[in-house]
Amino acid sequence: MAGKTTDSIILRDISGFKEFKVKGGVGREILNLPCETSIYVEGLVKGDYLEVEKYRVVHPSKLECCEKESEDVREFALNYYVYAGRPRYFKIIKTMSSLSYLTRNVLVSEGFTELQPPIIGWKSDPGLRGAGKVKVSLYGSQYELHSSLIMYKQIYASIFERIFYFARNIRVEPLENAYTGRHLIEFTQVDVEEAFTSMPEAIGFAESVLKRVVREFLNSNGDLLDSSRIEWLDKTFLSEKYPVVTYDEAVNLLARNGFDVRKGSELSHKAEAFLGEYYGIPVWLTGFPSTARGFYYIENAERPGYNVDWNLILPEGHGEILDGGCREYRAEELVRRIQASGENPAEYEWFLNIASKGFVKPTCGWGLGLERLVKAFHGLTHIGFATPHPRLPGIIGP
């Protein structure tokens, strides 16, 4: 029993929730049971009414009913387990499960091989845009928990040509990012990589995957969403081909609208939100400055100083949901880019060694933030509400 009012009960099973007004003396007895009591009920359903004939308690509970949903993300992050059985969060978690299943199915149907992600390694992604990494000591040596799987993606796409991971990443975000609405320190990224492809092909494929997942979700699990969100998804994700805008074009547009953006730097969250609202549908931003991104992106031969890379920005303030690019695979260029970024090439010797032997092929790929996608589906104010185990900067519950 997930909840109750003065004359009705909310029942929950594997299929979801159903609220009934109860009739009869036996039904009134159920109203006296604590929330989260597991019960077996027999009776007759007439419209919104349940006439209970008999019931038995399968597993007792002592929990008080929690009728209110939490709107305070800090309180929720520390007590999320209390709310997990409520209809709102139950539907959010089911949405994440469904999106994971549908995304896997789409990728597998397109010939991609799923790999199980590592958690720990010698050296993780340095291109974290202000976040830090977690280092651990094991067996007398120092390792890092993975903040992304970029080099592994390049290696295995060089072998299988089309691969993907459902990677759990950890990044130590600054404390002020706890309330941006977009940042977790532990999150799920659908990492996709393909060999011998190009930016237009990779962008086109990512867009087709998203549209197919949204369409199939609405067909099979639309009951998890309010009607307003179904309408938003339909007009936002499925309406037309997403526009493609270069970084320089975006900076110029932002400048004309009062934003102070220094060319060569990342765009602010507010700038991304403006671009999302300006176009009203997802928009591709391409060709970021090399100085603003990690060393592993390949530089555009026709536009020195700019990468062959892209982000997908959503409207409604959700911002970046997908980040991708074509990878640098030439050892000498990797060394140059590593040094230019202030990193030590010796820390990447294992990867540079196989790259120098031609093992690492040209690849392009992207990472889709699963929690950010769930946030957009439900129109949530904060990404902390979009995951079963919210871990926010400086706010970590059990």
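Residues numbered from 1 in each chain as written. Predicted model: local features only at pLDDT ≥ 70, side-chain atom pairs only at ≥ 80, totals over all residues. Heavy atoms only, no water.

(A) Representation of the sheet that holds strand β7 (residues 120–121). One open sheet holds the three strands; their spatial order is β7-β9-β8, and the pairing between them is antiparallel. The open sheet terminates on both sides in strands that have one partner only, identified here as β7 and β8 (135–138). Note: β8 against strand β9 (residues 141–145), four bridges, orientation antiparallel. For V136, the partnering residue across the bridge sits in β9 and is Y143. (Pairing = 2+ DSSP bridges. Helix = DSSP H or I, 4+ residues; strand = E, 2+ residues; numbered from the N terminus.)

(B) The state of the cysteines, seen in detail. Evaluated as defined, the whole model comprises one disulfide. Disulfide partner of C326: C364, at an S-S distance of 2.0 Å. Disulfide C326-C364: the torsion about the S-S bond is 95°, which places it as right-handed. Of this pair, C326 sits in strand β15 (residues 319–326) while C364 sits in strand β16 (residues 363–369), placing them 38 residues apart in sequence. Since its relative accessible area comes to 4%, C364 is described here as buried. (Disulfide = S-S within 2.5 Å. Buried < 20%, exposed > 50% of the residue type's maximum accessible area, 1.4 Å probe, protein only.)

(C) A look at the pattern of salt bridges. Under the definition given, this model contains 27 salt bridges. R168 is the salt-bridge partner of E371, the closest N and O atoms lying 3.2 Å from each other. Of this pair, E371 sits in helix α11 (residues 370–378) while R168 sits in strand β10 (residues 162–170), and the two are 203 residues apart along the sequence. On the basis of relative accessible area, E371 is assigned to the buried category, the value being 2%. R327 is paired through a salt bridge with E193; the nearest N and O atoms lie 2.9 Å apart. (Salt bridge = Lys/Arg side-chain N within 4 Å of Asp/Glu carboxyl O.)

(D) Structural detail: the pairing of strand β14 (residues 309–314). In terms of burial, β14 is a largely internal element, six of the six residues being buried. Note that β14 and β15 share six bridges and pair antiparallel. Its bridge partner being in β15, L314 is matched across the sheet by G319. If you look at the hairpin formed by β14 and β15, you'll find four residues sitting between the two strands, and E316 has a positive phi there, around 65°.

These values are about where atoms sit, not about what they do.
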